[in-house]
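# Structural overview
What follows is the residue order along each chain.
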Amino acid sequence: MSRLSEVLRESNVSGLSARGVARAARERGYSLNHDTAARYLRGDHGRPDEATLVAFADVLGVDLAVLRTAADLPAELTAPYTPPPEASRLNRRQRLAVDEIIRAMLDTTSSSHSGDELAQHRRRPTPRAARFGTPDKPEN
């Protein structure tokens, strides 16, 4: 059983079933279904997403930092990230890019390229246009 599941079970002082946890979560505005709740309570789960941890923290009355620590996630700050005031100048496309950068920084479970693919990419010659910003001239 995972450490997170142990903490969830210890925090479930009311003895709620997985369906009870899911029902209580829905009543509080979360979308935690009973199958997911059951997997976490019995230790049969993967890496938890933030919404799942927040729902469990609220329903079971346990601090979010405690759940993050048990899940081996950073627990130093538990409030949602708020960008600086200057971020209001970003247009929609820029905001989506920043959001994607944040997701990419947090996604440690998968990589779009393997080490071999990256090594092959580094060995490929860069086209002249990309190196010098000028179009390739046809050779005669």
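Refer to the structure presented above.
For the structure given in this document, a descriptive report is provided here. (Residues numbered from 1 in each chain as written. Predicted model: local features only at pLDDT ≥ 70, side-chain atom pairs only at ≥ 80, totals over all residues. Heavy atoms only, no water.)

## Concerning the overall build of the chain
- When helices and strands are counted, the chain shows 8 helices and 0 strands.
- If you list the helices and strands of the chain from N to C, you get α-α-α-α-α-α-α-α.
- Out of the 140 residues belonging to the chain, those deemed buried represent 26%. (Helix = DSSP H or I, 4+ residues; strand = E, 2+ residues; numbered from the N terminus. Buried < 20%, exposed > 50% of the residue type's maximum accessible area, 1.4 Å probe, protein only.)

## Observations regarding helix H3 (residues 34–42)
- The complete set of buried residues in H3 reads Thr36, Ala37, Ala38, Tyr40 and Leu41.
- Contacts made by the buried residues of H3 are with helix H1 (3–11), helix H2 (18–27) and helix H4 (50–60).
- The distance from a side-chain oxygen at the start of H3 to the backbone nitrogen of Asp35 is 3.0 Å, and the residue carrying that oxygen is Asn33.
- Gly43, located one to two residues past H3, shows a positive phi value of around 90 degrees. (Contact = heavy atoms within 4.5 Å. Polar contact = N/O pair within 3.5 Å; in protein donor to acceptor, adjacent residues only side chain to side chain.)

## Observations concerning the pattern of salt bridges
- Considering all chains together, one arrives at 6 salt bridges under this definition.
- As a salt-bridge pair, Arg68 and Glu50 come within 2.3 Å of each other at their nearest N and O atoms. Here Arg68 is found in helix H5 (residues 64–70), whereas its partner Glu50 is found in helix H4, with 18 residues between them in sequence.
- With relative accessibility at 34%, the residue Glu50 sits in the partly exposed group.
- The structure contains a network of salt bridges with shared partners spanning Arg3, Glu6 and Glu10. (Salt bridge = Lys/Arg side-chain N within 4 Å of Asp/Glu carboxyl O.)

## Here's the deal with the packing of H1 against H3
- Relative to each other, H1 and H3 sit at 105 degrees, their axes nearing to 7 Å. The angle between the axes of H1 and H3 places the two elements in the roughly perpendicular class. Contacts between H1 and H3 pair Leu4, Ser5, Leu8 and Arg9 from the former with Tyr40, Leu41 and Arg42 from the latter.
- Class assignment for the residues of the contact of H1 with H3 results in 4 nonpolar, 1 polar and 2 charged. (Axes fitted to C-alpha atoms, helices over the stretch in contact; angles between N-to-C directions. Parallel < 35°, antiparallel > 145°, perpendicular 65-115°, else oblique. Nonpolar A, V, L, I, M, F, W, Y, C, P; charged D, E, K, R; others polar.)

## Brief notes about the layout of surface pockets
- Reported here for the largest pocket is a volume of approximately 940 Å³.
- In terms of lining, the largest pocket is formed by 24 residues, of which the most central are Glu50, Arg68, Pro74, Ile102 and Leu106.
- Counting residues per element, the ones that place at least two in the lining of the largest pocket are H4, H5 and helix H6 (92–106).
- Counting residues per element, the lining of the largest pocket draws most heavily on H6, which supplies 5 residues.
- Estimated volume of the second largest pocket: approximately 170 Å³.
- Looking at side-chain class alone, the lining of the second largest pocket contains 7 nonpolar, 1 polar and 2 charged residues. (1 Å grid on protein atoms, 1.4 Å probe; cavity = no way out; pocket = protein on both sides within 12 Å on 5 of 7 lines; lining within 4 Å. Points joined across faces, edges and corners; volume = space filled by probe spheres on them.)

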